[in-house]
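This is what each chain is made of:
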Amino acid sequence: MNTPVSWWWVRHGPTHAKSMVGWRDLPADLSDTAALSRLSDALPEPAALVSSDLSRAVATADALANRRLRLPHQRDLREFNFGDWDGLHWNEVATRDPDLSRAFWEDPGPHQAPNGESWHQLATRVSATVDRVTSDGHRHVIAVAHFGVILTQIARAGNMTPYAALGHKIDNLSVTRLDWDGRLWSVHSINHRP
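None of the values given here were measured: they were computed from a predicted structure. (Residues numbered from 1 in each chain as written. Predicted model: local features only at pLDDT ≥ 70, side-chain atom pairs only at ≥ 80, totals over all residues. Heavy atoms only, no water.)

Here we take up the layout of surface pockets. Each pocket or cavity is described by its volume, and for the largest pocket that value is around 360 Å³. Taken together, 20 residues form the lining of the largest pocket, with Arg11, Thr15, Ser19, Val21 and Trp90 sitting closest to its centre. Of the residues belonging to the lining of the largest pocket, the class tally is 9 nonpolar, 7 polar and 4 charged. (1 Å grid on protein atoms, 1.4 Å probe; cavity = no way out; pocket = protein on both sides within 12 Å on 5 of 7 lines; lining within 4 Å. Points joined across faces, edges and corners; volume = space filled by probe spheres on them. Nonpolar A, V, L, I, M, F, W, Y, C, P; charged D, E, K, R; others polar.)

Structural data, given as structure tokens:
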């Protein structure tokens, strides 16, 4: 993992869901072709292109593929597994599990959604995939993934707490660039909207 690489994290197209969406496989709205074109133009070519295996990320990546090297979808780049909370509105989660839901967002890290996962579990699985793909020697990797996934890597590159990372906005079809110089990670840009 000593070769420098830039990771260009793209959040998938919008789902328009008004509830928590983790592993539920909702489609992305990719009707804004002008935004997709601007996004594609802002991304490096040549580059390796990888996505989570959820359809909203796969379809967004396919729309950006062009002549880029398409890597196999990665299950470990999925969003948080929200378990029993997936599909519920935030208010429903707060009513159902008031103490746990508050701790999950205000003290992220060890707290786990019922039948789901914690920040630490998400960060561990995502970082393992990032390390593996980084070691493949690509100069640029475009990764189409999800809000929580991208935040775990911002926390890692920026050496920040999960709580601090959760303060960042990650819009749909935005780009967050994180650089590995062969020794250390650094944050180049967060939530850029081409």
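Let's shift gears to helix α5 (residues 119-134). Between its terminal C-alpha atoms α5 stretches 22 Å, which fits the 22 Å expected from 16 residues at 1.5 Å a residue. What α5 keeps buried is the set Trp119, Leu122, Ala123, Arg125, Val126, Ser127, Thr129, Val130, Val133 and Thr134. For α5, the secondary structure elements touched by its buried residues are β1 (5-11), β4 (140-145), α6 (147-158), α7 (162-165), β5 (175-180) and β6 (185-192). If you check the start of α5, you find a side-chain oxygen 3.4 Å away from the backbone N of His120, and it comes from Ser118. (Helix = DSSP H or I, 4+ residues; strand = E, 2+ residues; numbered from the N terminus. Expected span 1.5 Å × (residues − 1). Buried < 20%, exposed > 50% of the residue type's maximum accessible area, 1.4 Å probe, protein only. Contact = heavy atoms within 4.5 Å. Polar contact = N/O pair within 3.5 Å; in protein donor to acceptor, adjacent residues only side chain to side chain.)

Turning our eyes to something else, we now look at the pattern of salt bridges. Across all of its chains, the model carries 13 salt bridges by this definition. One salt bridge in this structure joins Arg70 and Asp62, with 3.2 Å as the shortest N-O distance. Exposure remark for Arg70: the relative accessible area of 25% places this residue in the partly exposed category. One salt bridge connects Asp131 with Arg156, and the closest N-O pair in it is separated by 2.6 Å. Placement of the pair is Asp131 in helix α5 and Arg156 in helix α6, with a sequence separation of 25 residues. A cluster of three or more residues bridged by salt bridges with shared partners is formed by Glu45, Arg67 and Arg68. (Salt bridge = Lys/Arg side-chain N within 4 Å of Asp/Glu carboxyl O.)

Of the consecutive residues Glu45 and Pro46, the connecting peptide bond is found in the cis state with omega at 10°. Relative to the elements of secondary structure, Pro46 occurs in the loop between α1 (33-42) and β2 (48-51). Phi angles above zero are rare outside glycine, and Asn66 is one such case at about 45°. Mapped onto the fold, Asn66 is located in the loop between α2 (55-64) and β3 (69-70). Owing to a relative accessible area of 52%, Asn66 belongs among the exposed residues under this scheme. The backbone of Asn191 sits at a positive phi, close to 60°, despite the residue not being glycine. Within the element layout of this structure, Asn191 appears in strand β6.

Right, let's talk about α6 for a bit. In this model α6 runs 16 Å from its N-terminal to its C-terminal C-alpha over 12 residues, within 8% of the 16 Å that 1.5 Å per residue would give. Where α6 is concerned, the buried positions are Gly148, Val149, Ile150, Leu151, Thr152, Gln153, Ile154, Ala155 and Ala157. Close packing links the buried residues of α6 with β1, α5, β4, α7, β5 and β6. Positive phi appears at Asn159, one or two residues downstream of α6, with a value of about 50°.

Let us now look at the sheet that holds β6. Across the sheet, which stays open at both edges, the 6 strands sit in the order β3-β2-β4-β1-β5-β6 with mixed pairing between neighbours. This sheet does not close on itself; its edge strands, each paired only once, are β3 and β6. Inspection of the sheet shows β1 paired to β4 by 6 bridges, in the parallel sense. Its bridge partner lying in β4, Val10 is registered against Val144. In the packing of α2 onto the sheet, contacts are made with β1, β2, β3 and β4, and the angle to β2 comes to roughly 160°. Its contacts with the sheet place α5 against β1, β4, β5 and β6, and it is angled at close to 135° to β1. (Pairing = 2+ DSSP bridges. Axes fitted to C-alpha atoms, helices over the stretch in contact; angles between N-to-C directions.)

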